[in-house]
Amino acid sequence: MSLKKNWQNFSKWFLTRPNTTGKLVFVLFFTLVCFLVQFRYESVSENQHREMSNILNVVHHNFEQILKNSYTTTLTLAMTVNDDGIPENFDKIAAQLVDYNKSIDAVQLVPNGIIKYVYPFKENKAALNYNILTTPKLKEEALKSIQSRLIYFAGPLKLKQGGVGTIGRLPIFKKGKFWGFSAVIIRLETLLKLSGIESIDDSKYYFQFSKINPVSNKEDFFLKNKEDFSDKCFQSVIIPDGDWKLYLIAKDKNAVFNQVITSSVLGLLFSLFCGLWVASIMKKPARLQSLVYNQAAKIENSEREFKAIFDQSPIGIARIETGTGKFISVNPEFCEIIGYKEDEIIKMDFQAITHPDDLVHNLEAMKKLKSGVVIAFEFEKRYIHKSGKTIWVNLTVSGIGAKGEKPINHIAIVEDITDKKSAGEDLQKSFDLVSDQNKRLLNFSYIVSHNLRSHTSNIETISHFIETAETEAERDEMIDLLKKVSHSLNETMANLNEVVSIRTNINLNIEHLNLNEYIEKAKLTLGPQISMSEGTVLNLVPKTIEVNYNTAYLESILFNLISNAIRYRHIDRKPEIVISFDTDSKALKIVDNSIGIDLKKNGEKIFGMYKTFSNNPDSKGIGLFIVKNQIDAMGGTIEVESKLHEGTTFTIYFK
Amino acid sequence: MSNKVICIIDDDSIYQILINKIIALSKTECEIMRFKNGREALDYFTLDSDKNLPEIILLDLEMPIMDGWDFMLEIDQIVTQKTAIYIVSSSISYEDREKAKTFTKIKGYFSKPISSNNILEITKHFDK
């Protein structure tokens, strides 16, 4: 775990620093390249060294061979000198020796330092009688060989007979006494040719051949390229027989370096390229990585903000499992609204706290959300608070997920609107009350306008006629009319008074009344009318039914409705009235077979005051008006159904 | 020229008596028809609309069976130019007056009590 974490941190460090990583890669590769270059340098320089010493060895070996041949030749030549110091068969033997040894250009015998015998004669005759022991340039070296009694090669030097060559002199002693020299002449060009110096590949190396000048004691160089090579790479070998020094010199002093410089430069470029490449390919991920870190930081931030909103929100928020309705998480305000603690809520589902009357609607909406038909819905509903009271809330539910997807969870946002709701309800109640009263007031003013004014206008007219009456009879007639008017005015006043009293009577005495009993009472009161019309009143109300009602109102309602049914009976048939009670809806039904009312025309007016719909002299248009007012005052409602010529049904709903 | 016919549609029996007297006082030469509500009047008119339609109708608004407004809605279908309708109602309400203006057949609106001068006014207008 911590290893992984360390690795993550490690890689993160690199991923976020592409430039540094690029530099590191460069350094790494460059170190490797340096190491390889050094290795190569060593191997190249060792190769060169080996090659040079090989070449030098070959040449040295050739030299030795030439010198050995020279030695053999001088020795053979020396043999020709007999004990008397006279050479025998010189020409014959010398010819054989020179012909046989390609390395030898000429031989000579030098008794007492004076050249007396030469072969080939023609080319070398110029050297005859040349005393080398007296010639200062030659004396030194000649003496050196006498002293050492060994062969010694003098030169290369300018030959008396022309050209440059080296002379190997073997001192000959006869009877312990110096006789002279047996000498071979090797021309420089022959020496160079046979030693292989000329035949080496001169692209890389060249030879130099030197000798310490015995006179000047300075090193003399005999080959071309006499320039100073001390700063170049060279190898040398000393040939003691001539005190020579043979050098093999690398032409290019930077040859080894040149061999590695290219690979060094290439290596440097390669390292640079690698570093840049790594940096460049890492820049993109680094940018992405930094984007990821930024985004992660943003997410973290918004999560923190969301948490703050969730916790401190003044509205309730809950996350709910859509399939089951179980609460997953709730905020403090949600707990506050429904009165449960958070740990209690998360064991419950929303169904458990929803008011039973709202549950069906709620579940239907959830079904749509579950199936993905809608992604959100909003409505007002009721919760049951832990204390049992009802809480009105405005609920907004939205599924988590895209439209068309079936959400797994959803968010419920809940605002407590109980106070608002009850205020609204109160407002609605008082509005209803006010508008109801207003309507009644209007109605009343209408009644006053129509009904009272019709009387007063009549009175006015009558009084005018009384004033202008010319005869007593005329006046009496008017006074009679006046009496009638006053009577009907009185009646109207009584009706109005009754209506007003229904409405103003707030403290009505309400009792448990047996409905069946009161129907029977009404039947009894209306007995004469019922029997006169040969009608029947069927009371189907169970004897157990009791209603909370004002006695006088119940009597009035039953009396009015039954007497109406008889009054407006159809002439072709006997009145039949059926009274029944529906326990479920608490409704009393009074069904008759009367003439019926055209409700299309008169539906609105049927319960109005002074609305009559027949020519029946008894109809005053007051009965149903009072019935309606009484039922209203008891908090119930009345409905009417009717078909012209078939009958009417009144339904009274009790509170 | 035959006598004009004035038709009174009103459920108030006392008013019926009084209007008779008022018309008599105005000394208008006319015939008087009386109906207790709109339905009765309408039934009579529709028997023979050419012959039975009066020249003048004095119509009350508040009546049983068929009130003045319902009567107006139905008479609109059959009435000809020769019939002038006047509202004579105890109502003094503004709404009723305004409503009366929506019927072109209604030539005038009188609040009770009506006087013989009002009758003269109506008949004089009619003479022209």
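Residues numbered from 1 in each chain as written. Chains lettered and ligands numbered in written order. Predicted model: local features only at pLDDT ≥ 70, side-chain atom pairs only at ≥ 80, totals over all residues.

Q: Let's hear about the overall build of chain A: which residues, and what values?
A: Helix and strand counts for chain A come out as 18 helices and 21 strands. Buried positions account for 27% of the 655 residues belonging to chain A. Long-range contacts, defined as pairs at least 24 residues apart, comprise 59% of the intrachain contacts of chain A with a sequence gap of at least 6. (Helix = DSSP H or I, 4+ residues; strand = E, 2+ residues; numbered from the N terminus. Buried ≥ 20, exposed ≤ 12 C-beta atoms within 10 Å, placed from the backbone. Contact = placed C-beta atoms within 7 Å.)

Q: Lay out the packing of helix H2 (residues 18–79) of chain A against helix H7 (residues 255–312) of chain A with the relevant residues and their values.
A: All names here are of chain A. Across the interface, H2 lies against H7 with an axial gap of 8 Å and an inter-helix angle of 165°. The pairing of H2 with H7 is recorded here as roughly antiparallel in orientation. Between H2 and H7 the crossing geometry is right-handed. Across the contact of H2 with H7, the residue classes tally to 22 nonpolar, eleven polar and three charged. (Axes fitted to C-alpha atoms, helices over the stretch in contact; angles between N-to-C directions. Parallel < 35°, antiparallel > 145°, perpendicular 65-115°, else oblique. Left-handed = near helix turned anticlockwise from the far one by under 90°. Nonpolar A, V, L, I, M, F, W, Y, C, P; charged D, E, K, R; others polar.)

Q: How would you summarise the confidence of the model for chain B if you had to cite specific residues and measurements?
A: With 95% of its residues at a pLDDT of 70 or more, chain B shows a mean pLDDT of 85. Scored as a complex, the prediction yields pTM 0.45 and ipTM 0.86. (pLDDT = per-residue confidence, 0-100.)

Q: Talk me through the pairing of strand E3 (residues 152–158) of chain A; I want residue IDs and the actual numbers.
A: The two faces of the sheet receive side chains in turn, since in a regular strand these alternate between them. Residues and elements named next belong to chain A. With five of its seven residues buried, E3 lies for the most part within the structure. Relative to strand E4 (residues 164–174), E3 is paired through five bridges, and the arrangement is antiparallel. In the sheet register, Lys158 faces E4, and the bridge partner there is Val164. Taken together, E3 and the strand that follows it, E4, pair antiparallel across an intervening segment of five residues, in which Gly162 is found at a positive phi of about 100°. (Pairing = 2+ DSSP bridges.)

Q: I'd love a proper account of the nonpolar core, names of residues and values included.
A: General note: in soluble globular proteins, nonpolar side chains tend to be found buried as a group. Ranked by internal contacts, the top residues of the largest apolar core, which has 45 residues, are A:Val107, A:Ala183, A:Ile185 and A:Leu246. Top element by residues in this core is H2(A). It accounts for six residues. Excluding anything up to four places from it in sequence, A:Ile185 contacts A:Asp105, A:Ala106, A:Gln108, A:Leu159, A:Gly165 and A:Ile167. Counting residues in hydrophobic clusters, the runner-up holds 37 residues, among them A:Phe465, B:Leu61, B:Met72 and B:Ala100. (Core = buried A, V, L, I, M, F, W, Y, C linked by C-beta atoms within 7 Å.)

Q: Could you give an account of the sheet that holds strand E19 (residues 587–592) of chain A, with specific residues and numbers?
A: Through backbone hydrogen bonds, the strands of a sheet pair up, either in parallel or in antiparallel fashion. Residue and element names in this part refer to chain A. Pairing within the open sheet is mixed, and its five strands lie in the order E16-E18-E19-E21-E20. At either margin of the open sheet sits one strand with a lone partner, and together these are strand E16 (536–539) and strand E20 (637–643). The sheet shows a mean angle of 15° between the axes of neighbouring strands, taken without regard to direction. With six bridges connecting them, strand E18 (residues 576–582) and E19 associate as antiparallel partners. Bridged to Ser580 within E19 is Lys589. Taken strand by strand, helix H16 (residues 551–567) contacts E16, E18, E19 and strand E21 (647–653), and its axis lies near 20° from that of E19.

Q: Please give an account of the sheet that holds strand E5 (residues 177–187) of chain A that cites residues and values.
A: All names here are of chain A. Read from one edge of the open sheet, five strands run E2-E1-E5-E4-E3, paired in antiparallel fashion. Sheet topology places strand E2 (117–119) and E3 at the edges, where each strand pairs with a single neighbour. On average, adjacent strands in this sheet sit at an angle of 20° to one another, irrespective of strand direction. The pairing of E4 with E5 spans ten bridges and is antiparallel. If you follow Arg169 over to E5, its bridge partner there is Ala183.

Q: Can you lay out unusual backbone geometry for me, pointing to particular residues and giving the numbers?
A: Generally, phi is negative for residues other than glycine and the peptide bonds are trans, each holding for most cases. The linkage connecting A:Tyr119 with the following residue, A:Pro120, adopts the cis geometry, with an omega of -5°. Relative to the elements of secondary structure, A:Pro120 occurs in the loop between E2 and helix H4 (121–124). Look at the link from B:Lys112 to B:Pro113: it is a cis peptide, with omega at 0°. In this structure, B:Pro113 sits in the loop between strand E5 (106–111) and helix H6 (116–127). In this structure, A:Lys586 is a non-glycine residue whose phi angle is positive, near 50°.

Q: An account of the interface of chain A and chain B is needed here, citing residue identities and associated values.
A: Taken together, the contacts link 21 residues of chain A with 15 residues of chain B. Contributing elements (two or more residues each) for the side of chain A that touches chain B: helix H12 (418–468) and helix H13 (472–504) of chain A. Top contributing element to the side of chain A that touches chain B by residue count: H12(A), with eleven residues. Residues that form the side of chain A that touches chain B fall into these classes: seven nonpolar, eleven polar and three charged.

Q: Lay out the environment of A:Lys386 with the relevant residues and their values.
A: Residues and elements named next belong to chain A. Turning to its location among the elements, Lys386 is positioned in the loop between strand E12 (376–384) and strand E13 (390–399). For Lys386, a count of 14 C-beta atoms within 10 Å puts it in the partly exposed group. Spatially, the C-alpha atom of Lys386 lies 9.5 Å from that of Ile337, the residues being 49 residues apart in sequence.

Q: Explain the pairing of strand E14 (residues 409–416) of chain A to me, and be specific about the residues and the numbers.
A: All names here are of chain A. Pairing of strand E10 (residues 316–321) with E14, which is carried by six bridges, proceeds in the antiparallel orientation. Counted as the bridge partner of Ala318 is Ala412 from E14. Taken together, the seven bridges between E13 and E14 define a ladder with antiparallel strand orientation. Paired with Ser398 across the two strands is Ile411, which belongs to E14.

Q: Give me helix H11 (residues 356–370) of chain A: which residues, what numbers.
A: Residues and elements named next belong to chain A. If you check H11, its first and last C-alpha atoms are 21 Å apart, about what 15 residues at 1.5 Å a residue would give, namely 21 Å. Buried within H11 we find Asn362, Met366 and Leu369. Tucked into the core, H11 has its buried residues touching E12, E13 and E14. Positive backbone phi, approximately 85°, marks Gly372, located one or two places after H11. (Expected span 1.5 Å × (residues − 1).)

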